[in-house]
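Results of the structural survey
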Protein chains: 2
Amino acid sequence: MVVQELTDTEVDGIFHALSDTTRRDIVTRVILGEQSISALARHYDMSFAAVQKHVAVLERASLVTKERNGREQIVRGGMTTLRKAARLLDAYDEIWRQRAEALEGILAEGTKQIEIEADR
Amino acid sequence: MVVQELTDTEVDGIFHALSDTTRRDIVTRVILGEQSISALARHYDMSFAAVQKHVAVLERASLVTKERNGREQIVRGGMTTLRKAARLLDAYDEIWRQRAEALEGILAEGTKQIEIEADR
DNA sequence: GTAACCTACAACCAAATGGTTGTACAAGAA
DNA sequence: TTCTTGTACAACCATTTGGTTGTAGGTTAC
């Protein structure tokens, strides 16, 4: 499925980035208000370096951006990417509904036998 | 963030399951029409066992269900879980919009200085 | 019956993941 | 200047991941 100018690899990265509770929590915090990495790190029971790595994963997926401000690195939310992921999942729902409608149509016809992509 | 009767571990599993191109493709195929595992396997350049493992990952995340029919194992889409994931991502967008509105309100006030969860 | 097919599962492997500690360096504060 | 803070990055480690092959058992077809 091709949706919204995102490559498969990019989508892989987005969902991988979101597959960790700590990283999702970081996303929540930065969209509520940008934070320095060390400010973020104080919230978690792990080393600064570990949090730094989590932020790097999110940054690679364009879910957050970093911007240096003096000695601090400010992390902000990359909402467009998050929205793209949301719309991607909506697309599955869309396919599902279309298929449901198609099936209703077939049942309404009653006579024709249509094999839907059986492929076996 | 707590959303929709899903534990952190479950959400981890859902996003992890979706972080692989082959697995997303399997989801697409089964919501278009349920398929046996071997029928799915023919589409990919990897062993049957590898596809079996991918299906197992999706099943653990409740993104698909399996039902035996004779010697075949029929894979179907678990759309409710997919919808929950979509709504979860929508929730981030919701937070983002609320925050944007709050910031507008602050700017409109003009006089007060409000520190939003700076935490440093 | 035998043969072919579909599935399950174990064992194995290389690579990636998620954490750690340690070192180094720049920017602010005292 | 010196001290502290914030960051970057390398090295290391245990575990997980994503693939393989091989073996075994249950169905269906002939």
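The residue count restarts for each chain, going from 1 along the sequence in the order it is written. Here the convention is simple: chains get letters from A, ligands get numbers from 1, in the order in which they are written. Reporting in this predicted model follows two pLDDT cut-offs: at least 70 for local features of residues, and 80 or more for side-chain atom pairs to be given and counted; totals over whole chains, interfaces and linings ignore these cut-offs and use all residues. The basis for the side-chain values is all heavy atoms of the structure; hydrogens and waters are excluded.

A separate point is the protein's contact with DNA strand D. If even one non-hydrogen atom of a residue comes within 4 Å of a molecule or strand, that residue is called near it. Taken together, 23 residues surround DNA strand D, and among them Ser38 and Gln73 of chain A together with Ser47, Lys53 and His54 of chain B come closest. Each atom of DNA strand D within 4 Å of the protein belongs either to a base or to sugar and phosphate, the latter forming 65%. Polar contacts here mean pairs of N or O atoms no more than 3.5 Å apart (in protein, one a potential hydrogen donor and the other a potential acceptor; neighbouring residues in sequence count only if both atoms are side-chain atoms). Contact distances for DNA strand D include 3.3 Å between a phosphate oxygen and a side-chain N or O atom of arginine 42 of chain A. Here arginine 71 of chain A contributes a side-chain N or O atom positioned 3.1 Å from a base oxygen of DNA strand D. Starting at the N terminus, helices and strands are each numbered in turn, a helix being any DSSP run of H or I of at least four residues and a strand any DSSP run of E of at least two. Listing elements by their share of the surface near DNA strand D, those giving two or more residues are α3 (37-41), α4 (48-60), β2 (64-69) and β3 (72-77) of chain A together with α4 (48-60) of chain B. Partitioned by chemical class, the residues of the surface near DNA strand D number six nonpolar, eight polar and nine charged. The classification used treats Ala, Val, Leu, Ile, Met, Phe, Trp, Tyr, Cys and Pro as nonpolar, Asp, Glu, Lys and Arg as charged, and all other residues, Gly among them, as polar.

Take the sheet that holds strand β1 (residues 35-36) of chain B next. Residues and elements named next belong to chain B. Reading across from one edge, β1-β3-β2 is the order of the three strands in this open sheet, with antiparallel pairing throughout. The two strands at the open ends of the sheet, each matched to only one other strand, are β1 and β2 (64-69). For two strands to pair, DSSP has to find at least two bridges joining them. Summarising the sheet, β2 and strand β3 (residues 72-77) pair through six bridges and their orientation is antiparallel. Looking across to β3, one finds that arginine 68 is bridged to glutamine 73. Here helix α2 (residues 21-32) sits on the sheet and contacts β1, β2 and β3; the angle it forms with β3, its principal contact strand, is near 95 degrees. Against the sheet, α4 contacts β2 and β3, and its axis sits at roughly 115 degrees relative to β2. Residue contacts are counted whenever heavy atoms from the two residues lie within 4.5 Å of one another. Here an angle of 0 to 180 degrees is reported between the N-to-C directions of two axes, which are lines fitted to C-alpha atoms, with helices fitted over the stretch in contact.

Turning to the confidence of the model for chain A, a few remarks are in order. Parts of the model with low pLDDT should not have their predicted coordinates read in detail. A residue's pLDDT is the confidence the predictor assigns to it, expressed on a 0 to 100 scale. For chain A, per-residue confidence averages 86 on the pLDDT scale, and 84% of positions sit at 70 or higher. Per-residue pLDDT, averaged within each element of chain A, yields its smallest value for helix α5 (residues 79-109) of chain A (85) and its largest for α4 of chain A (97).

In this analysis, rings of Phe, Tyr and Trp, with Trp reduced to its six-membered ring, are considered paired at centre separations within 6.5 Å, and the interplanar angle assigns stacked below 30 degrees, edge-to-face beyond 60, and tilted for intermediate values. If you walk through the whole model with that rule in mind, you get one aromatic pair over all chains. With 5.9 Å between their ring centres and 20 degrees between their planes, phenylalanine 15 of chain A and phenylalanine 15 of chain B make a pair best called stacked. Note that phenylalanine 15 of chain A is positioned in helix α1 (residues 8-18) and phenylalanine 15 of chain B in helix α1 (residues 8-18), a pairing that runs across two chains. Both residues of the pair, phenylalanine 15 of chain A and phenylalanine 15 of chain B, count as buried. Relative accessible area decides the class of each residue, using a 1.4 Å probe on protein chains only: under 20% of the type maximum gives buried, over 50% gives exposed, and in between gives partly exposed.

Bringing the packing of α2 of chain B against α4 of chain B into the picture now. Residues and elements named next belong to chain B. Taken N-terminus to C-terminus, the directions of α2 and α4 make an angle of 75 degrees; their axes are 10 Å apart at the nearest point. In terms of orientation, α2 and α4 fall into the roughly perpendicular class. Touching Thr22, Arg23, Ile26 and Val27 of α2 are Val51, His54, Val55, Val57 and Leu58, all from α4. Its residues assigned to classes, the contact of α2 with α4 comprises six nonpolar, two polar and one charged. In this scheme, roughly parallel covers angles under 35 degrees and roughly antiparallel covers those over 145, while 65 to 115 is roughly perpendicular and the rest are oblique.

Residues and elements named next belong to chain A. The strand order β1-β3-β2 describes an open sheet built from three strands, whose pairing is antiparallel. What marks the edges here is a single partner per strand, and that holds for β1 (35-36) and β2. Bridge analysis of β1 against β3 gives two bridges, and the strand direction is antiparallel. Each residue of the ladder has a partner; that of glutamine 35, found in β3, is valine 75. In the packing of helix α2 (residues 21-32) onto the sheet, contacts are made with β1, β2 and β3, and the angle to β3 comes to roughly 95 degrees. Along the sheet, α4 makes contact with β2 and β3, crossing β2 at roughly 115 degrees.

Take the interface of chain B and chain A next. Taken together, the contacts link 41 residues of chain B with 41 residues of chain A. When chain B packs against chain A, the two sides together hide about 3,900 Å² of surface, and 55% of this comes from carbon and sulfur. Definition used for salt bridges: Asp or Glu carboxyl oxygen within 4 Å of a side-chain nitrogen of Lys or Arg. At the junction of chain B with chain A, the criterion picks out six salt bridges. Among the ionic pairs, arginine 24 of chain A bridges to aspartate 12 of chain B, the shortest N-O distance being 2.8 Å. Scanning the region where chain B abuts chain A turns up eleven residue pairs in polar contact (both at pLDDT 80 or more). Broken down by secondary-structure element, the contributors of at least two residues to the side of chain B that touches chain A are α1, α2, β3 and α5 (79-109) of chain B. For the side of chain B that touches chain A, the element with the highest residue contribution is α5 of chain B, accounting for twelve residues. In the side of chain B that touches chain A, the residues fall into 19 nonpolar, eight polar and 14 charged. Buried surface area refers to the total accessible area, computed with a probe of radius 1.4 Å, that the two partners give up upon joining, counted for both partners together.

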